[in-house]
Amino acid sequence: MTNSQHADEENLSIDEQEGQPWRSEFNALLGRMKTLEQQCQQQHQEDTIVNSDDSTPNVTRKNQILSDTAAEEAKTKNNGTTFRRHSVLRHLLGKQHHQPQRSHSAPEVTLHHLDESVAGLEEVDLRYDNFHLPESSFTFLITEPILSAPFAVGLVAYAVSLVCLALALQNELVKGTDDNKYAIAEVTSTVRIVQYLGVVIGVLMDDEIPTGLELIGKALEQKSEGDNVFPRNKIFFSSILRISIGAMFLTCLFFVVIQESNVLDIFFDMVALEFVESIDDVIFNLCRRGFFSRRMKVAANQENMLHCSSSHGARRIRKWSKRFIRAMYFLTAIVLLFGLTYITIEQTRGAYGCRSLIVNLGDGLWENAWVQLDKQCSVDADCNNSNQRCYREKKEAFCYENRLLIYSHFNGYYNHKGTKGERPSYEEMNKESGDPFKTTDPAELMYCREIESWVFRHPKIRSSLDIGEEHECNWLLRSDETDDFDLVELSTTENWFLWKGEIKQDYKIKVRCAECANDSDCNYFGKCVSETDVDQKCECFPGRFGVFCENEMPCEVIRSEKDRNTTLKIVKDLDKDGDNIDFVSLYGHPMYVANMKGKPYSVMRDGYPGESDQYFEVEYPVNTSIAVAPHKHESPDDYQDDDFFEINNKSVAFQQLVTNYTFLLRYTGRRWYGQIVDPGLSGESFKEEEYHAFWQNSFSGLGQEDNSTLIISEITSKVSPVEVDFFEMRRRNKVFEGGLYDYDYSPYGVMIPLVAHDGGGFFHCNKP
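Residues numbered from 1 in each chain as written. Predicted model: local features only at pLDDT ≥ 70, side-chain atom pairs only at ≥ 80, totals over all residues. Heavy atoms only, no water.

*Asks:* For the pattern of salt bridges, give the residues involved together with the corresponding values.
*Replies:* Applying the stated criterion to the full structure yields 14 salt bridges. Two residues, D519 and K527, come together in a salt bridge whose shortest N-O distance is 3.7 Å. Under the relative-accessibility criterion, K527 is labelled partly exposed at 43%. In this structure, K572 and E556 form a salt bridge, with 3.0 Å as the shortest nitrogen-oxygen distance. Of the two residues, K572 sits in the loop between β21 (567-570) and β22 (585-586) while E556 sits in the loop between β19 (551-552) and β20 (557-560), which places them 16 residues apart along the sequence. Here K572 falls in the partly exposed class, since its relative accessible area comes to 33%. Take E556: its relative accessible area is 42%, and that puts it in the partly exposed class. (Salt bridge = Lys/Arg side-chain N within 4 Å of Asp/Glu carboxyl O. Buried < 20%, exposed > 50% of the residue type's maximum accessible area, 1.4 Å probe, protein only. Helix = DSSP H or I, 4+ residues; strand = E, 2+ residues; numbered from the N terminus.)

What follows is the structure, encoded as structure tokens:
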């Protein structure tokens, strides 16, 4: 050791007034440790070079090291200070312990004395573990008499903080709804990151819980030493109150984080909560400055300290207290982060929004939609007719057909299907059971980030086949620009835009959550129960059906206004699909069928053969003797002005079908269609069809494959066709526009009413 090093150590004094004496002591210790290490390394090198030398010099050198160590220890004791063993010293001892064995027993002697020389280092920062009571009104609850003014101020400060935090928590909890109890917000990834940061920052901001736990540890330390500087019961009481404030703060913070959907709102709310939590500190500082009274000023300016003991028991309590506090820090953060992670995962599953929707896309029509067919092609000539084009997208090319798009054909159930654009997306469901389609490609409602709007789209329907002209996300319906997550709320407050070859503005759609929260949502005609893939669903009592049990069971047999002998029966559901509905439900409505042959005059406007002025067995309306006049054709033999029969009569298959067929009445989203279909339709055969009004060409306006539809109802949502007005359809096919009568008709053609007065209804119920 050099003279300068000895001089530095001799000048070291733990009681020196300038600077911070513990830093000088600690630096001297590190210097001493470094010197010892260098001496040991030098000795090891000498032993390696001269292995056969006498061991006396080594012992002499080791004795010198022991002597120096003992002197250092004596010097330390003279300064009246004990030290805690430093981790660096432990590392040094470990290195020395694993040095290669040298001659004789000098290394063991050196390590033994070296360990003794640093045994006192366990208390290196003992004096700095002395605990100053926090500058908080909670300290008044420890240091002041129970019946004193400062003690009362401490209780008042606690009460104010607790009430403010309780009111804040209540404000967060009342935001919840029946289907989202805690009002958990659906957020973007940016906000989600801020939520995680907010949790971490909030845990670091809170010092009430760790301070309270530390005070409890100090109280236990006093108990082990029999020291009663401050009553332990008061320390426990103050600490518990402090911890309760910290717990309320973190609880409020968590709810704020999960309910806010804006970055700045999260930070602002965190700052507000931190201010409420620190009310005790504010009150204490006001007391210290004498704003309340001289007595409060004296109480706040006292220096209150809990002195640490050097006993083994006290050290043990201190050590475990700090470990416990660290564990609580990490445990609190882990619990909150785990809760937020769980919420994040559940959000992707649609847990905090509606998982099942009932969608009504309105009455919109588009006469020139491009619909992808299954046929592949290379050029336009590979497609069937001039109304089709070959279009290549990515690697494959398909024929596309230009046809009428009736948006209401896509009404019905839409279920949550993952996320797109960081928002939930919804996929169209089967029109009968509400289950996913098996073979039909479903439409979807999703968020399009390109235009920051919610859109309705279908992967097989394009707005244009010209490159560069198709819409963003290929939308057919879109909302205004929004960052909203709630599609149900959006459909009621925002205007939508419909594509019909051009944009139609101020279009209205209706989206409703298909889930219930309680029995009242089921109109008290059913029970709200949990279901797979949805939160809760109405289970209707016998005699009721519908999404919310809003409908009575429909009439099982209906008759035509024109011919009371023409009756249609409801199509029964053989397996009931696990519910109490015993009929096939399509778009939430029943189907009716009748076996017929020949032209269905009983459901048409024209008269029977040989009849010219009235209907067959017509029932005249009350107070009138005038019925709807039969519609006469210019050529009754071939119906040249009726495109339904003109086109179909040219088909041998249709001529054969008319000899034996099923007349089918079914709902297609907004209207009832009366159609001529193959005979033998039953519940089982219908299920195999996986029916969709658009994809099975219930009415496309082309005159090629949709000529089964004969009559059509007015727009209605009634659960049965009873009391609904119907029309016979004429001039509704494009292929007829170039014929004898070349006129511009509406998409549904000419709609000839089947009843004399609006609201009269064409079908009536046959009650048993």
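*Asks:* With reference to specific residues and values, describe the nonpolar core.
*Replies:* Core analysis: the biggest nonpolar cluster contains 47 residues, and F140, L165, L250, I258 and L273 have the highest contact counts within it. Other than its neighbours up to four places away in sequence, I258 contacts A183, I184, A185, Q195, L340 and I343. Of all hydrophobic cores here, the second largest spans 41 residues; its members include L710, I711, V724 and V755. (Core = buried A, V, L, I, M, F, W, Y, C linked by side-chain atoms within 4.5 Å. Contact = heavy atoms within 4.5 Å.)

*Asks:* Break down the packing of helix α8 (residues 189-205) against helix α11 (residues 263-277) for me, with residues and values.
*Replies:* At a minimum axis distance of 10 Å, the contact between α8 and α11 shows a crossing angle of 15 degrees. By the angle between their axes, α8 is roughly parallel relative to α11. The crossing of α8 and α11 is right-handed. Taking contact as the criterion, the partners of T190, V191, V194, Q195, G198, I201, G202 and M205 in α8 are, on α11, V263, I266, F267, M270, E274 and E277. Its residues assigned to classes, the contact of α8 with α11 comprises eight nonpolar, four polar and two charged. (Axes fitted to C-alpha atoms, helices over the stretch in contact; angles between N-to-C directions. Parallel < 35°, antiparallel > 145°, perpendicular 65-115°, else oblique. Left-handed = near helix turned anticlockwise from the far one by under 90°. Nonpolar A, V, L, I, M, F, W, Y, C, P; charged D, E, K, R; others polar.)

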